[in-house]
Amino acid sequence: PASLSVGAASLIEGNDGTQNVEVVVSLDIPSNRTVTVNYNTANGSAKAGSDYQAASGKLTFAPGETSKAILVPVKGDRLGEPDETFVVKLQRAKNATIADGQGVVTIVDDEPRISINDVSGLEGNSGSAPLTFTVSLTAASDVPVSVNFATQDGAAFGGQDYQATSGTLTFA
């Protein structure tokens, strides 16, 4: 008999609203019989209701068809977070076997990431010299991005080895 497989998929999250990720279910060979299979989504690091909308149903392959798509709505947000995943599972196939019954869907976060460079300088014997840190975004943002900063003691001590500072940076 023909074998069913569900593929992996990914989608860039977006900032608001929903958009559909397409998960493809395939038969390895055309069948001369009608093939059906049930599917449902299951949480991974992405959670139904907040990151995507749960989906379930039944796919029907007419004789000769070898591919069907499942559309799962993914919710956009403005949270900086790691990429998240959920799965689409196949069950109870009729007139086919299930070769690969679980496809991983990755929701790729698109929020810019903030980074700061390392710097070093010679201490000198008198006076002071500024050290300049560069703070960067991995991508431009369509809304202002703010980040708080503060120095922290390590091997050097504020007030003794350096002048402690703190504040907020805002990227337009």
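Residues numbered from 1 in each chain as written. Predicted model: local features only at pLDDT ≥ 70, side-chain atom pairs only at ≥ 80, totals over all residues. Heavy atoms only, no water.

Student: I tried to follow the overall build of the protein on my own but got confused; where do I start?
Tutor: A count of helical and extended segments in the protein gives zero helices and 13 strands. Along the protein, from the amino end to the carboxyl end, the secondary structure elements read β-β-β-β-β-β-β-β-β-β-β-β-β. Relative to the compact-globule value of 16 Å for 172 residues, the protein shows a C-alpha radius of gyration of 26 Å, a clear excess of over 25%. Within the protein, the proportion of its 172 residues that are buried is 27%. Put simply, 63% of the contacts in the protein that link residues at least 6 apart link residues at least 24 apart. Approximately 10500 Å² of the protein is accessible, and the part contributed by carbon and sulfur atoms is 50%. (Helix = DSSP H or I, 4+ residues; strand = E, 2+ residues; numbered from the N terminus. Rg over C-alpha atoms; globule rule 2.2 N^0.38 Å. Buried < 20%, exposed > 50% of the residue type's maximum accessible area, 1.4 Å probe, protein only. Contact = heavy atoms within 4.5 Å. Areas by Shrake-Rupley, 256 points an atom, 1.4 Å probe, with all protein chains shown as cover.)

Student: I keep staring at a positive patch on the surface and nothing clicks. Help me out?
Tutor: Residues Arg33, Lys58, Arg92 and Lys94 make up a contiguous surface patch of positive charge. Mapped onto the elements of the fold, Lys94 is located in strand E7 (residues 84-94). (Patch = residues over 30% accessible without salt bridge, like charges linked within 9 Å, V, L, I, M, F, W, Y side chains within 5 Å. Salt bridge = Lys/Arg side-chain N within 4 Å of Asp/Glu carboxyl O. Lys, Arg positive; Asp, Glu negative; His and termini not counted. Charge placed at Lys NZ, Arg CZ, Asp CG, Glu CD.)

Student: I would appreciate a short explanation of the side chain of Glu13 in the present structure.
Tutor: With respect to the element layout, Glu13 can be found in the loop between strand E2 (9-12) and strand E3 (18-27). For Glu13, which is buried and forms no salt bridge, the nearest opposite charge comes from Arg113, at a distance of 7.9 Å. Residues in contact with Glu13, not counting those within four places in the same chain, are Gln19, Lys75, Gly76, Asp77, Leu79, Glu81, Glu84, Ile107, Val108, Asp109, Asp110 and Glu111.

Student: Explain the environment of Asn38 here, please?
Tutor: Relative to the helices and strands, Asn38 resides in strand E4 (residues 35-43). Each C-alpha atom, one on Asn38 and one on Lys94, is 9.3 Å from the other, the two residues being 56 residues apart in sequence. Apart from the residues within four sequence positions on either side, Asn38 is in contact with Gly57, Lys58, Lys89, Leu90, Gln91 and Arg92.

Student: Just to check I follow, could you spell out a nonpolar patch on the surface for this structure?
Tutor: The grouping of Ile116, Leu131 and Phe133 at the surface amounts to a nonpolar patch, some 310 Å² of accessible area in total. Inspection of the secondary structure assignment puts Phe133 in the loop between strand E10 (114-116) and strand E11 (135-137). Given the relative accessible area of 46%, Phe133 is considered partly exposed.

Student: Please clarify how the sheet that holds E3 should be interpreted in this entry.
Tutor: The strands making up a sheet associate through backbone hydrogen bonding, with each pair oriented either parallel or antiparallel. Reading across the sheet, the four strands line up as E6-E3-E1-E8 and stay open at both edges, with mixed pairing between neighbours. Because the sheet does not close on itself, it has two edges, and the strands there are strand E6 (67-75) and strand E8 (97-100). Taken pair by pair, the neighbouring strands of this sheet meet at an average axis angle of 30°, ignoring direction. Note that E3 and E6 share nine bridges and pair antiparallel. Directly across from Val24, in E6, lies its bridge partner Ala69. (Pairing = 2+ DSSP bridges. Axes fitted to C-alpha atoms, helices over the stretch in contact; angles between N-to-C directions.)

Student: Help me out: how do you make sense of the pattern of salt bridges in this one?
Tutor: When the charged atoms of two side chains with opposite charge come close together, those side chains can pair. Considering all chains together, one arrives at three salt bridges under this definition. Salt-bridge contacts for Asp142 lead to Arg78; the nearest nitrogen and oxygen are separated by 3.1 Å. Linking Asp142 in the loop between E11 and strand E12 (145-150) with Arg78 in the loop between E6 and E7, this pair joins segments that are 64 residues apart in sequence.

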